[in-house]
Amino acid sequence: DYGKFKFIESNRVVSQPVVETLKKSIQKIGYVAGRPVLVNRNYEIIDGQHRFQACKQLGLPIEYEIRDNNKKVSDKDIMIAININQKTWRYDEYIHHYAMSGVPFAMYVKQFEEKYKFGISNSIYIVGENQAEAEDIRTGNNVTINKKSEKIAEFLLQCKDLPFWKTSYFIYAVVVLFKKADKESIIKVLTKHSSIQKQASRTLYLNVFTNIINKNKHEDDHITLKA
């Protein structure tokens, strides 16, 4: 009875290409026993939703194990721990999970990425005040939100004429620009942005920004932008 199984909303979205790969493997060598789908007593799938879908679509029985709900560790904690150890989740899947669980940073990143579509890693970098580490994303730490993130997004959108405007090096350099430079300097870079050429690193973009800002300024007023 496939209908008694349920999906947990905060789990990662099922990827049909992953399901198709599993189906091909099962059709070739059979279902590998010993790794049952893990569910709670409400038949909500904690781990194994792709295996469940593959077996369901092939009309095969579901091998499952019911987790004891009386244990102190929550279903969500188990779900995350399994996927951290297996390293199977992508950043967007962790953000989705923690956003659905109500973590403010993840909720903001999810909305920000849906609005601007810079790429999840770029959006995480823009939104995190102190640049979130990989461990912060995997464990759901509530990173401080960069109050300038919307202004950074607006700056980047005005650079859409540059073929590299969505590359990580350029975006990372713009984030540093907003952190280190004053409003007048930021406007100066934006005004001259069409003269910027593609660079091989964030540091080189920062050098370009520095040269634009310092041009026609007295040497005593020069600044240096560093990551």
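First, a word on what this report is: a plain description of the structure on this page. Bear in mind the structure is a predicted one, so any value in this text is a computation, not a measurement. (Residues numbered from 1 in each chain as written. Predicted model: local features only at pLDDT ≥ 70, side-chain atom pairs only at ≥ 80, totals over all residues. Heavy atoms only, no water.)

**Observations concerning the side chain of His 50**
Consideration 1: On the secondary structure map, His 50 appears in helix H2 (residues 49-58).
Consideration 2: Relative accessible area serves as the criterion here: at 7%, His 50 is assigned to the buried category.
Consideration 3: A polar contact is formed between the side chain of His 50 and the backbone nitrogen of Ser 15, at a distance of 2.9 Å.
Consideration 4: In contact with His 50, other than residues within four places in its own chain, are Arg 12, Val 13, Val 14, Ser 15, Val 18, Val 19 and Leu 22. (Helix = DSSP H or I, 4+ residues; strand = E, 2+ residues; numbered from the N terminus. Buried < 20%, exposed > 50% of the residue type's maximum accessible area, 1.4 Å probe, protein only. Polar contact = N/O pair within 3.5 Å; in protein donor to acceptor, adjacent residues only side chain to side chain. Contact = heavy atoms within 4.5 Å.)

**Considerations on the sheet that holds strand S4 (residues 64-66)**
Consideration 1: Reading across from one edge, S1-S3-S2-S4 is the order of the 4 strands in this open sheet, with mixed pairing throughout. Strands at the two margins of the open sheet, each flanked by one partner only, are strand S1 (6-7) and S4.
Consideration 2: Of the pairings in the sheet, the one linking strand S2 (residues 37-39) to S4 comprises 3 bridges and is parallel in character. Along S4, the bridge assignment pairs Val 37 with Tyr 64.
Consideration 3: Relative to strand S3 (residues 44-47), H2 is tilted by about 120 degrees, and along the sheet it contacts S1, S2 and S3. (Pairing = 2+ DSSP bridges. Axes fitted to C-alpha atoms, helices over the stretch in contact; angles between N-to-C directions.)

**Quick word on the pattern of salt bridges**
Consideration 1: This structure, assessed with the given rule, holds 7 salt bridges.
Consideration 2: The partner of Asp 47 in a salt bridge is Arg 51, with the nearest N and O atoms 3.0 Å apart.
Consideration 3: Close ionic contact of Glu 93 with Arg 90 constitutes a salt bridge, the shortest N to O distance being 3.3 Å.
Consideration 4: You can call Glu 93 buried: its relative accessible area is 4%.
Consideration 5: Looking at Arg 90, the relative accessible area reads 47%, which means it is partly exposed.
Consideration 6: One connected set of salt bridges, linked through shared partners, spans Arg 90, Asp 92 and Glu 93. (Salt bridge = Lys/Arg side-chain N within 4 Å of Asp/Glu carboxyl O.)

**Considering the packing of aromatic side chains**
Consideration 1: Across all of its chains, the model carries 17 aromatic pairs by this definition.
Consideration 2: Seen in terms of ring centroids, Phe 5 and Tyr 64 are 5.2 Å apart; in terms of plane orientation they differ by 80 degrees. Their pairing is edge-to-face. Residue Phe 5 is found in the segment before S1, and its partner Tyr 64 is found in strand S4; the two are separated by 59 residues along the sequence.
Consideration 3: With relative accessibility at 32%, the residue Tyr 64 sits in the partly exposed group.
Consideration 4: Grouping aromatic residues by their ring pairs yields a cluster made of Tyr 2, Phe 5, Phe 7, Tyr 43, Phe 52 and Tyr 64. (Phe/Tyr/Trp six-rings, centres within 6.5 Å; stacked < 30°, edge-to-face > 60°.)

**Quick word on the environment of Arg 202**
Consideration 1: Assignment of secondary structure puts Arg 202 in helix H11 (residues 202-214).
Consideration 2: Here Arg 202 falls in the partly exposed class, since its relative accessible area comes to 25%.
Consideration 3: Sequence separation between Arg 202 and Lys 188 is 14 residues, and the spatial gap between their C-alpha atoms is 19 Å.
Consideration 4: Residue contacts for Arg 202: discarding those within four places in its chain leaves Tyr 125, Tyr 169, Tyr 172, Ala 173, Val 176 and Ala 227.
Consideration 5: Among the polar contacts made by the side chain of Arg 202, one reaches the side chain of Tyr 125 at a distance of 2.7 Å.

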